[in-house]
Structure formats: structure tokens, C-alpha cells
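Chain residues, written in single-letter form:
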Amino acid sequence: SCAGKSLLLSNLRAARPEIQPLESVTTRARRASDTNPGEYLFVDDREFDALDASGQFLWVVHPHGLPYRYGTRKKIVADALARGLYAPILVLSAIEQLYEYAGQNGLRDGVRPIYLRISDEDELRRRFRERGDENAAEIERRVLNSRMENLHAERVPGMRVIDASLPPERVLAEALAHVRLLQQ
């Protein structure tokens, strides 16, 4: 959260247009920062439940215990893997499911996830407030969740952990270096 995923995705798409997001379906409200086409499909709970009930999602997550949900459709993942297009920005809790799905389709080595980490918790708090989050208790809960996710990300095989407090051009360079491994 607040690590700059949308900025990185925008920069990746500018540098390598074949890199596209895995469109997430979400029940959360659209934010002013939601400007990347193809990143989110915003639906209400009823629409989300219908997609979920019909088995369209590869994974569904309730991030950070918040009331809204995200889901990624199997078809989106299958199409991306089949075309060789890489979407390195995902919800951390879904990485294992992506690895399993890609492995079943003979494409496990084509998955190169990237995790943006903010180790400086004061910086993370500042970013939450800058984004418009005002509830201090909620921010502290999210900071704690981030601390736990940072530890988890370090243990995920194949995960490239990038310090999100670096200048955006450095974050982009590190992400592109990780993606280039696919071509070697």
C-alpha cells in the first residue's frame, strides 16, 4: 500500500508497452490516483459476488482486513501468460496462486513478481495521509500489515523486492532489470 505501484506500472508501460497490468476487479471506490487504463474494473458487491459465484476468479483477496475486495479473473491471467505479457504488480497474497496456475500451464518460469517495499514506517504513514487516509488507528494497522508483508515478500521464491523510497527512475530500472531476466 502506498508504495507507488501505479507509478511504477505507468513507467513500465511507457518503457515497455508490452507490459500490461493484470486487471483487478474491485469493490472499492475509485480514487483520484486511479488513472491507469486496464488496472482496475470497479464493480459493486452484487457484480463481484456474481463473478465469484461463476468461478471466474483465480484469486480473491480482502486486503488488510478492509471491507472491499479484489479479484483477478482466470481469463485475464491466462491471456497474459499465453501472450508472454508480463504483469509484475500483484497482490502479495496471490503470488502462490499465480505460481501454481502458471505452473499448471507450463509457464511457471515466466512469472517475475515485484514487491515494492517501504521500510521507513514514518514515510509510509506520510504517504497514507497524503493519499487522504485520516484515521490514525487504521493507518497504524496498515503500517503493521506492511511490516508483516515486507517479511513475507523476502521469503517468496523469485520475488524481486525493490525499495520504493528510491527515486522513481531507480525503481523503474530495478524492475526492468528483473523483467529482462525473462529474455535471457
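Because the structure is predicted, anything quoted here is derived from the model rather than measured.

### A word on the overall build of the protein
Consideration 1: Secondary structure assignment for the protein yields seven helices and six strands.
Consideration 2: What you see in the protein, going N to C, is helices and strands ordered as α-β-β-α-β-β-α-α-β-α-α-β-α.
Consideration 3: Computed over its C-alpha atoms, the radius of gyration of the protein comes to 16 Å, within 12% of the 16 Å expected for a compact globule of 184 residues.
Consideration 4: On the principal axes, the C-alpha backbone points of the protein span a range of 45 × 40 × 30 Å.
Consideration 5: Counting every position in the protein, which comprises 184 residues, the buried fraction comes to 45%.
Consideration 6: Within the protein, counting contacts between residues at least 6 apart in sequence, those at least 24 apart form 60% of the total.

### Considerations on the confidence of the model for the protein
Do not read the fine detail of predicted coordinates wherever pLDDT is low.
Consideration 1: Averaged over every residue, the pLDDT of the protein is 85; the share at 70 or more is 93%.
Consideration 2: Mean pLDDT per element in the protein: helix α3 (residues 74–83) is the minimum at 82, and helix α2 (residues 45–53) is the maximum at 97.

### Regarding the packing of aromatic side chains
Consideration 1: Applying the stated rule across the entire model yields four aromatic pairs.
Consideration 2: On the basis of an interplanar angle of 45° and a centroid distance of 5.7 Å, the ring pair of Tyr40 and Phe42 is categorised as tilted.
Consideration 3: Ring centres of Tyr40 and Tyr70 lie 5.9 Å apart, and the angle between their planes is 50°; this geometry places the pair in the tilted category. Within this pair, whereas Tyr40 is found in strand β2 (residues 40–42), its partner Tyr70 is found in strand β4 (residues 70–73), the two being separated by 30 residues in sequence.

### Side note on the nonpolar core
Consideration 1: The biggest cluster of nonpolar side chains holds 20 residues, and the ones touching the most others in it are Leu8, Leu12 and Leu116.
Consideration 2: If you list the elements that add at least two residues to this core, you get α1 (5–15), β5 (114–117), α5 (121–131), α6 (136–154) and α7 (168–180).
Consideration 3: In terms of residue count, the dominant contributor to this core is α7 (five residues).
Consideration 4: Counting 19 residues, the second-largest nonpolar core is a separate cluster that includes Leu22, Leu81, Ala94 and Met159.

### Describing the sheet that holds β4
Consideration 1: Taken in spatial order, the four strands of this open sheet run β2-β1-β4-β3, and their pairing is mixed. What marks the edges here is a single partner per strand, and that holds for β2 and β3 (57–61). Between one strand axis and the next, the sheet turns by 25° as a mean value, whatever way the strands run.
Consideration 2: Here strand β1 (residues 24–26) runs beside β2; their pairing, made up of three bridges, is parallel. Following the sheet pairing, Ser24 is matched in β2 by Tyr40.
Consideration 3: On top of the sheet, α3 reaches β3 and β4; it is set at about 50° to β4, its chief contact.

Rules used in this analysis
- Residues numbered from 1 in each chain as written.
- Predicted model: local features only at pLDDT ≥ 70, side-chain atom pairs only at ≥ 80, totals over all residues.
- Heavy atoms only, no water.
- Helix = DSSP H or I, 4+ residues; strand = E, 2+ residues; numbered from the N terminus.
- Rg over C-alpha atoms; globule rule 2.2 N^0.38 Å.
- Buried < 20%, exposed > 50% of the residue type's maximum accessible area, 1.4 Å probe, protein only.
- Contact = heavy atoms within 4.5 Å.
- pLDDT = per-residue confidence, 0-100.
- Phe/Tyr/Trp six-rings, centres within 6.5 Å; stacked < 30°, edge-to-face > 60°.
- Core = buried A, V, L, I, M, F, W, Y, C linked by side-chain atoms within 4.5 Å.
- Pairing = 2+ DSSP bridges.
- Axes fitted to C-alpha atoms, helices over the stretch in contact; angles between N-to-C directions.

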